[in-house]
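Structural features, examined
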Amino acid sequence: MEESKTRSSKRYFVALLPPDKVAEEVTEIKQFFDRTYNSHGALKSPPHITLQPPFHWEAERLTVLTESLAEFTQWHYPIPITLSGFGAFPPRVIYVNVLKTPELMQVRASLFTYLTQKFESIATKADRRSFSPHMTVAFRDLKKHDFYDAWPQFQTRSLSREFTVSHLTLLVHDGRQWQVDRQFPFLAT
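Reference entry: report on the structure contained in this document. (Residues numbered from 1 in each chain as written. Predicted model: local features only at pLDDT ≥ 70, side-chain atom pairs only at ≥ 80, totals over all residues. Heavy atoms only, no water.)

Observations regarding the overall build of the protein
Within the protein, the regular secondary structure consists of five helices and eight strands. Starting at the N terminus, the α and β elements of the protein follow one another as α-β-α-β-α-β-β-α-β-α-β-β-β. In the protein, of all internal contacts separated by at least 6 residues, the share reaching a separation of at least 24 is 79%. For the protein, the accessible area works out to roughly 10,400 Å², and carbon and sulfur atoms hold 50% of it. For the protein, the separation between the mean place of its 23 positive charges and that of its 20 negative charges on side chains is 5 Å. (Helix = DSSP H or I, 4+ residues; strand = E, 2+ residues; numbered from the N terminus. Contact = heavy atoms within 4.5 Å. Areas by Shrake-Rupley, 256 points an atom, 1.4 Å probe, with all protein chains shown as cover. Lys, Arg positive; Asp, Glu negative; His and termini not counted. Charge placed at Lys NZ, Arg CZ, Asp CG, Glu CD.)

Written out as structure tokens, the structure is:
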């Protein structure tokens with residue numbers, strides 16, 4: 001019986017996705033890292049800000065999760081997001097920096113508390129770390145020497161965008177990459 005649960009389990013995560021125009025711009029930067037440094041891991045998901053890191057969930061219980069996420073968003077307004085330059089987790093990851101606005105920090109903390117209380121199995125040790133919002137453009141498959149070549153170019157590179165995210169997104173791993181499973185609109189203002 002445990003084996004059948006494992007087979008029906010998929011990986012999911014919860015994120016905020018930027019509008020199409022910003023997503024295209026961030027994807028172009030990901031493609032630069034793919035072409036220039038053969039770092040294509042970041043292309044396996046759409047540009048996003050992770051709120052709940054990947055977790056396993058049984059397909060048979062997906063309705064419980066989606067109904068809970070829909071309920072959560074009915075208590076939160078759209079989130080203003082500000083992108084400001086680039087950051088890094090040396091020596092492998094480069095990302096678009098997302099400012100820690102009060103609204104973003106509040107919705108992340110609220111989602112963490114909500115999911116932990118409803119579904120203890122989702123919480124991981126990683127969730128308890130401090131939240132560093134970002135949009136990854138070069139992933140862990142970036143070689144160390146390529147990181148040290150690329151980082152000086154991006155460390156001072158300007159990028160500034162502001163937008164509002166009107167929905168929470170549940171993504172699912174299809175065995176090769178992350179796909180949007182469904183979106184949950186925040187409370188209309």
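Details of the sheet that holds strand β4 (residues 93-98)
Across the sheet, which stays open at both edges, the four strands sit in the order β5-β4-β3-β6 with antiparallel pairing between neighbours. The open sheet has two edge strands with one neighbour each: β5 (134-138) and β6 (160-165). Mean inter-strand twist for the sheet, computed between neighbouring axes without regard to direction, equals 35 degrees. Sheet analysis places β4 next to β5, joined by four bridges and oriented antiparallel. The residue of β5 that forms the bridge with tyrosine 95 is threonine 136. Against the sheet, helix α2 (residues 20-37) makes contact with β3 (79-89), β4, β5 and β6, and its axis sits at roughly 35 degrees relative to β5, the strand it touches most. (Pairing = 2+ DSSP bridges. Axes fitted to C-alpha atoms, helices over the stretch in contact; angles between N-to-C directions.)

Quick word on helix α4 (residues 102-118)
With 17 residues, α4 ought to run about 24 Å at 1.5 Å a step, and its terminal C-alpha atoms sit 24 Å apart, in line with that. Turning to α4, its buried residues number three or more, namely Leu104, Val107, Arg108, Leu111, Phe112, Tyr114 and Leu115. Where α4 is buried, its residues contact β1 (9-16), β2 (49-58), α3 (62-73), β3, β4 and β7 (167-173). (Expected span 1.5 Å × (residues − 1). Buried < 20%, exposed > 50% of the residue type's maximum accessible area, 1.4 Å probe, protein only.)

Spatial relationships are all this shows, so hold off on functional conclusions.
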